[in-house]
Amino acid sequence: MVGPHPEFIPPARPIIGEAEIEAAVRVLRSGRVVQGPEVAAFEEEFGDLVAGRHCVAVNSGTSALQLTLMALGFGPGDEVIVPSFSFAASANAVRLVGAEPVFVDIEPGSFCVDPQAVAAAVTPRTVAIMPVHLYGHPAAMDQIMAIAERHGLAVVEDAAQAHGATLNGTPVGAFGTAGCFSFYPTKNMHALEGGMVTTADAELARTLRLLRNQGMEQRYANEIVGANMRMTDVAAAIGRVQLTQLAEWTEQRRSNAKFLDSKITGMVTPPVADAAKHVYHQYTVRVQGNRDAAMARLTELGIGNAVYYPTPIHRLKPYLDADGKPGPWDLPETERAAAEVVSLPVHPSLSPADLERIAEGANLAGGAR
Ligand SMILES: *Cc1c(COP(=O)(O)O)cnc(C)c1O
């Protein structure tokens, strides 16, 4: 390759428009900058996306997961069932509270956790299931909730990639004991950094509010030991602007995906489960030939591409056992996905010409040797 392509299509493009900038400046001039009126308004407005659940804003998606596990009282000796095919944050949150992730395999179509594998992984130590709505596709929540009810387990949805996704019309974040969202810049909507916990349980919401702020409701009258995971009002103001755009951006992502589905023949396009509304945080295909060659060809053609995630969590260093080997996990679909997938640009800033180039490029790259 001679150099970067002159019209490179980036794999993601965080949006920071004039409205976001104005909102941030307005807050900075107001002097109310941390966990103030913008945070309260953002929590209220986000409720519309999750069927009116209580919403508790925090400083990141990882904090949302960690705080939820803390609030539910989980820690050493407890097991949380989680897919290995996810971003490390899913399992890190479990380890950060001292509990142990138990890794389970995924369904090959949705890339989300396989309910049969979840059922088989329940032990007397299991306290929770953490399904991940990977790439914006909702996990099989009906079956997961049934397993949780049968065994009396909590369900913590990792919805970091799935703002607005639904299954049978119910939004993610409204199925489980709690839902956890991220507002990192590349997510479907952002707040620079930020996260949100959603729950129907008012008592849990109160505990989350205490824990994110040193265990205080009244200043200096600390009730429990808590952390500082507060969201700033600058972040909340940006998040509020983004939230007003989310529906439009989601429709754009979905129509971009529909176009790519109809044009790409050289790679396996992402299937969508019946009753699922996919919000395409990523548009992830499987390469049947040589993936490295296909990715090199895409890059040569100026088409951004990336693998989420090349190493399943159970093979990452912190999750290896004492002799540096992966634990006794049997995760064939996870291993296969990690070896085959590549994500193509699907973000709402793509032009019709970009989409044509992505589809043509994928068809050329699919046959690369
Ligand atoms: C982004 C992400 C997180 C963590 O969110 P942050 O805001 O980056 O802390 C957790 N889980 C998944 C699946 C994610 O994609």
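Residues numbered from 1 in each chain as written. Predicted model: local features only at pLDDT ≥ 70, side-chain atom pairs only at ≥ 80, totals over all residues. Heavy atoms only, no water.

## What about the overall build of the chain?
What counts, and what does not: In DSSP terms, a helix is any run of H or I states spanning at least four residues, a strand is any run of E spanning at least two, and both are numbered starting from the N terminus. Both definitions apply: the radius of gyration is a C-alpha atom measure, and the globule rule equals 2.2 Å times residues to the power 0.38. For each residue, the accessible area found with a 1.4 Å probe, counting protein chains only, is set against the maximum for its type, and the residue is called buried under 20%, exposed over 50%, and partly exposed in between.
Helix and strand counts for the chain stand at 11 helices and 12 strands. The C-alpha atoms of the chain give 21 Å as radius of gyration, which agrees with the globular expectation for 369 residues (21 Å, within 12%). The principal-axis extents of the C-alpha atoms in the chain amount to approximately 65 × 55 × 40 Å. Of all 369 residues assigned to the chain, the portion counted as buried reaches 54%.

## Some points on the UniProt feature "active site" (unreviewed entry) in the chain
Condition: UniProt positions are given in the numbering used here, feature names are shortened, and annotations may be inferred rather than shown by experiment. Here, two residues are considered to be in contact whenever any of their heavy atoms come within 4.5 Å of each other.
The feature "active site" (unreviewed entry), as given by UniProt, occupies Lys187 in the numbering adopted here. Mapped onto the elements, Lys187 comes out in the loop between strand S8 (178-182) and strand S9 (195-199). Relative accessible area serves as the criterion here: at 15%, Lys187 is assigned to the buried category. Excluding anything up to four places from it in sequence, Lys187 contacts Ala160, His163, Ser182, Arg253 and His281.

## Digging into the pairing of strand S2 (residues 79-83)
Selection criterion: The handedness of a crossover follows from its direction of travel: if, with the strands pointing away from the viewer, the path from the first strand over the helix to the second runs clockwise, the crossover is right-handed. A pair of strands counts as paired when DSSP detects no fewer than two bridges linking them.
Among the five residues of S2, five are classified as buried, and the element is accordingly described as predominantly covered. Side chains Glu79, Ile81 and Pro83 of S2 all project onto a buried face; the interleaved residues Val80 and Val82 project onto the opposite face, where all are buried too. With respect to chirality, the unit in which S2 leads through helix H4 (residues 89-96) into the neighbouring parallel strand S3 (residues 100-104) is right-handed. Relative to strand S4 (residues 126-129), S2 runs parallel, the two being bridged by three bridges. Looking at the pairing, Ile81 lines up with Ile129 of S4.

## A look at the packing of helix H9 (residues 291-300) against helix H11 (residues 352-366)
What counts, and what does not: The axes used here are C-alpha line fits, helices contributing only the stretch in contact, and every angle between their N-to-C directions lies in the interval 0 to 180 degrees. Note on convention: near helix rotated counterclockwise from far helix by under a right angle means a left-handed crossing. Clockwise means right-handed. Gly counts as polar in this scheme, as do all residues outside two lists: the nonpolar Ala, Val, Leu, Ile, Met, Phe, Trp, Tyr, Cys and Pro, and the charged Asp, Glu, Lys and Arg.
Relative to each other, H9 and H11 sit at 145 degrees, their axes nearing to 8 Å. In the packing of H9 onto H11, the handedness of the crossing is right-handed. Of the residues in H11, those in contact with Ala294, Arg297 and Leu298 of H9 are Gly361, Ala362, Leu364 and Ala365. Taken together, the residues that form the contact of H9 with H11 break down as five nonpolar, one polar and one charged.

## Describing helix H3 (residues 61-71)
Definition in use: Two N or O atoms count as a polar contact when they lie within 3.5 Å, although within protein this holds only if one can serve as hydrogen donor and the other as acceptor, and sequence-adjacent residues are included solely when both atoms are side-chain atoms.
Here H3 lies mainly inside the structure; nine of its 11 residues are buried. At the N-terminal end of H3, a side-chain oxygen is found 3.3 Å from the backbone nitrogen of Thr62, two or three residues along, and the residue is Ser60. Gly73 occupies a position one or two residues after H3 and carries a positive phi of about 80 degrees.

## Looking at the pattern of salt bridges
Our working definition: In the sections that follow, a salt bridge refers to a side-chain nitrogen of Lys or Arg positioned within 4 Å of a carboxyl oxygen of Asp or Glu.
Considering all chains together, one arrives at 15 salt bridges under this definition. Of the charged contacts, one joins Glu217 and Arg206 as a salt bridge, the two residues approaching to 2.5 Å between their closest N and O atoms. Of this pair, Glu217 sits in the loop between helix H7 (202-211) and helix H8 (233-263) while Arg206 sits in helix H7, and the two are 11 residues apart along the sequence. Accessibility expressed as a relative area gives 30% for Arg206, which makes it partly exposed. Linking Glu340 and Arg286 is a salt bridge whose minimum nitrogen-to-oxygen distance equals 3.0 Å.

## Considerations on the pairing of S8
In terms of burial, S8 is a largely internal element, five of the five residues being buried. Residues Ala178, Cys180 and Ser182 line one face of S8 and the alternating positions Gly179 and Phe181 line the opposite face, and both faces are buried. Taken together, the four bridges between S8 and S9 define a ladder with antiparallel strand orientation. In the sheet register, Gly179 faces S9, and the bridge partner there is Thr198.

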